[in-house]
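# Chain and residue survey
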Amino acid sequence: MKLIASIGINNRYNRYNRFDGGLEDEPISISGGAVTTPSGFKVCTFTSDGTLTVTGSGTLYYELAAGGGGGASVRGGGGGGGALERGSMSVTAGTYAVVIGAGGAGASTSNAPNVAQNGGNTTALGITALGGGGGGSAFRVSGGLGSPNGLSGGSGGGAGPWGTGDGAGGAATSPGGFAGGAGHDDASNTSRAGGGGGGAGGAGSAGAAMTDAPGGPGVASICPGVSATYCAGGKGADSGGVSPVPGANPGDGGEAAGQQAAGAAGGAGIAHFWITG
């Protein structure tokens, strides 16, 4: 805080033409993480745990993406995208812990339970973005039974097939998230396929015979200077694909695997903080 003198038009502390003898708030500044300065802004980006340092006080803008869920193995469901939390708040000087959620592990092909894992939460400033849900397993993997239902998360994981029925997609536990798609099977058990994971921009597609079900779309970042889409759902798998792709962008769900292959991990989260000027 700076004391404003009550005399002298050339007083060096008269930044706002105030001569009331009061206190002027020090302008906000931030540091920590990777710092960039796109036109008119200062941005601090965290891809791992760290500390955001604020001096002064003012309006801080934020965007937090949680880790994406892992994809299931052997014709299971895709991982759900992590939740995306963004907005602005008034902050005062201090240090603020930033925790970045890891991507959830994909399911293995070993015996039970063969369950993909949820992504980790990203937290800062009292705000929590919830990790995406893991994808649901196929009916039977190497002699072990797994759950066919997608796991709940920021966006829900896609489901796997279950005998002659369909597993249920995981629910979204974040207000901005979407559910995962249902799994698919038929009476002959010849067309098993997993559903796509939900994304921050829409629900995952239901599984269909001989089709890799698309995951729900992600959402474009609003951070100045950033051109990327975050928190998309991972695709579900039929029996064909054997090389699932991990979450490509922050918060993306991992893809599910085809026959006799492990699922892919979700993408880790990210956090952006920025100020004007």
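Residues numbered from 1 in each chain as written. Predicted model: local features only at pLDDT ≥ 70, side-chain atom pairs only at ≥ 80, totals over all residues. Heavy atoms only, no water.

## Things to note about the overall build of the protein chain
Counting secondary structure elements, the protein chain contains zero helices and 16 strands. Expressed as a percentage of its 277 residues, the buried residues of the protein chain come to 47%. Within the protein chain, contacts between residues at least 6 apart in sequence are counted, and of these 55% link residues at least 24 apart. Here the protein chain has roughly 11,000 Å² of accessible surface; of this, 53% comes from carbon and sulfur atoms. (Helix = DSSP H or I, 4+ residues; strand = E, 2+ residues; numbered from the N terminus. Buried < 20%, exposed > 50% of the residue type's maximum accessible area, 1.4 Å probe, protein only. Contact = heavy atoms within 4.5 Å. Areas by Shrake-Rupley, 256 points an atom, 1.4 Å probe, with all protein chains shown as cover.)

## Quick notes on the sheet that holds strand 10 (residues 122-124)
The strand order across the open sheet formed by five strands is 3-6-9-10-11, and the pairing between neighbours is antiparallel. With partners counted over all chains shown, the strands left at the sheet margins are strand 3 (29-31) and strand 11 (127-129), one partner each. For this sheet the average axis-to-axis angle between neighbouring strands, irrespective of direction, equals 15 degrees. Bridge analysis of strand 3 against strand 6 (residues 50-55) gives three bridges, and the strand direction is antiparallel. Bridge pairing in strand 6 places serine 29 opposite threonine 55. (Pairing = 2+ DSSP bridges. Axes fitted to C-alpha atoms, helices over the stretch in contact; angles between N-to-C directions.)

## A few points about the nonpolar core
Phe46, Leu52, Leu60, Leu64, Val98 and Phe273 are the most contacted members of the largest nonpolar core, which has 21 residues in total. Within the residue set of this core, elements represented by two or more residues are strand 5 (41-46), strand 6, strand 7 (58-65), strand 11 and strand 16 (270-276). If near-sequence neighbours (up to four positions away) are discounted, leucine 60 is found in contact with Ile30, Leu52, Gly87, Ser88, Met89, Val91, Leu125, Phe273, Trp274 and Ile275. (Core = buried A, V, L, I, M, F, W, Y, C linked by side-chain atoms within 4.5 Å.)

## Remarks on the packing of aromatic side chains
For the structure on display, the rule yields two aromatic pairs. Here phenylalanine 46 and phenylalanine 273 contribute two aromatic rings whose centre-to-centre distance is 5.8 Å and whose plane-to-plane angle is 80 degrees, an arrangement assigned as edge-to-face. Of this pair, phenylalanine 46 sits in strand 5 while phenylalanine 273 sits in strand 16, and the two are 227 residues apart along the sequence. A single burial state applies to phenylalanine 46 and to phenylalanine 273, both of which are buried. Both rings, one in tyrosine 61 and one in tryptophan 274, keep their centres 6.0 Å apart while their planes meet at 15 degrees; by these two values the pair is stacked. Of this pair, tyrosine 61 sits in strand 7 while tryptophan 274 sits in strand 16; the two residues are 213 residues apart in sequence, bridging distant segments of the chain. (Phe/Tyr/Trp six-rings, centres within 6.5 Å; stacked < 30°, edge-to-face > 60°.)

## Some thoughts on unusual backbone geometry
Even without being a glycine, leucine 125 presents a positive backbone phi close to 55 degrees. Take leucine 125: its relative accessible area is 18%, and that puts it in the buried class. With a phi close to 65 degrees, cysteine 231 is a non-glycine residue in the positive phi region. Relative to the assigned elements, cysteine 231 resides in the loop between strand 15 (229-230) and strand 16. Judged by relative accessible area, which is 0%, cysteine 231 ranks as buried.

## Some remarks on the confidence of the model for the protein chain
When pLDDT is averaged along the protein chain, the result is 85; 82% of the residues meet or exceed 70. Throughout residues 1-23 the model reports pLDDT below 50, and contacts reaching past four residues in sequence, or to other chains, amount to 34 contacts. (pLDDT = per-residue confidence, 0-100.)

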